Amino acid sequence: DAKTTQPNSMESNEEEPVHLPCNHSTISGTDYIHWYRQLPSQGPEYVIHGLTSNVNNRMASLAIAEDRKSSTLILHRATLRDAAVYYCILRGYNTNAGKSTFGDGTTLTVKP
Amino acid sequence: EAQVTQNPRYLITVTGKKLTVTCSQNMNHEYMSWYRQDPGLGLRQIYYSMNVEVTDKGDVPEGYKVSRKEKRNFPLILESPSPNQTSLYFCASSRSGQGHEQYFGPGTRLTVT
């Protein structure tokens, strides 16, 4: 299975941008890169996903490296409500289509 | 409102007493999946279903059964629960098993004594 690697934790100040990295060196050509976050005492929540091109939505931006072996989730202005565990996973059309492997994620702390 | 619902939300049971956790989605999604979450171990996939009557094992399927007889429902069955199945369980659904976002339910906290 294609695996992802993320830093265990990161800190940010409120109102500042946050760049959360994810490495996925074994990604296959049909794997989509998905980001989810989990707030305390809640289920995971979808943030954004992409295949090759950078993506923007109301929550965040996703920057994908040209070789697709890494990606970065960008929160443009962190708020206290963005404090959560952020997961980067791969979902694709390969033989393991349907499997979703969540790693440990990155715990984001936002300081006021 | 588009949602994934799980029942019950909380359950305390005893070892060996069969139980079923239900999961239902109202988005006509083909794909559904079950995860468990334990402290320090993150989210681990138990079983998933790509469509009706199509199910497959995730990373930790031992001790669990699932069925997908209709599109909207994907129950998780513990035939003989054991204390090591005490966990927080999440159901999720998505339009497909590949390039679409997953929607997660609110979770079921199960305690097996």
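Structure report, in brief. (Residues numbered from 1 in each chain as written. Chains lettered and ligands numbered in written order. Predicted model: local features only at pLDDT ≥ 70, side-chain atom pairs only at ≥ 80, totals over all residues. Heavy atoms only, no water.)

Here we look at the overall build of chain B
Along chain B, the regular secondary structure elements total 0 helices and 11 strands. Secondary structure of chain B in N-to-C order comes out as β-β-β-β-β-β-β-β-β-β-β. For a compact globule of 113 residues, the expected C-alpha radius of gyration is about 13 Å, and chain B comes in at 13 Å, within 12% of that figure. When burial is assessed residue by residue, chain B has 51% of its 113 residues classed as buried. Pairs at least 24 apart in sequence give 53% of the contacts found in chain B among residues at least 6 apart. Split by element, the accessible area of chain B, about 5300 Å² in all, is 49% carbon and sulfur. Taking the 13 positively charged and 10 negatively charged side chains of chain B as two groups, their mean positions are separated by 5 Å. (Helix = DSSP H or I, 4+ residues; strand = E, 2+ residues; numbered from the N terminus. Rg over C-alpha atoms; globule rule 2.2 N^0.38 Å. Buried < 20%, exposed > 50% of the residue type's maximum accessible area, 1.4 Å probe, protein only. Contact = heavy atoms within 4.5 Å. Areas by Shrake-Rupley, 256 points an atom, 1.4 Å probe, with all protein chains shown as cover. Lys, Arg positive; Asp, Glu negative; His and termini not counted. Charge placed at Lys NZ, Arg CZ, Asp CG, Glu CD.)

Considerations on the sheet that holds strand 4 (residues 45–50) of chain A
Residues and elements named next belong to chain A. Across the sheet, 5 strands lie side by side as 1-9-8-3-4; this open sheet has mixed pairing. Each edge of the open sheet is held by one strand with a lone partner, namely strand 1 (9–13) and strand 4. For this sheet, the mean angle separating the axes of adjacent strands, direction not counted, is 25°. Of the pairings in the sheet, the one linking strand 3 (residues 32–38) to strand 4 comprises 5 bridges and is antiparallel in character. By the bridge assignment for strand 4, R37 is matched with E45. (Pairing = 2+ DSSP bridges. Axes fitted to C-alpha atoms, helices over the stretch in contact; angles between N-to-C directions.)

As for the state of the cysteines
Evaluation of the coordinates by the stated rule reveals 2 disulfides over all chains. Between the sulfur atoms of C22(A) and its disulfide partner C88(A) the distance amounts to 2.1 Å. The sign of the S-S torsion, about -80°, decides the handedness of the disulfide formed by C22(A) and C88(A): left-handed. In this pair, C22(A) is assigned in strand 2 (residues 18–23) and C88(A) in strand 8 (residues 84–91), connecting sequence segments 66 residues apart. A sulfur-sulfur distance of 1.8 Å marks the disulfide that ties C23(B) to C91(B). Across the S-S bond linking C23(B) and C91(B), the dihedral sits near -75°, which makes this disulfide left-handed. With a gap of 68 residues between them, C23(B) in strand 3 (residues 19–25) and C91(B) in strand 9 (residues 87–94) connect regions that are remote in the sequence. In terms of burial, C23(B) and C91(B) fall into one category: buried. (Disulfide = S-S within 2.5 Å.)

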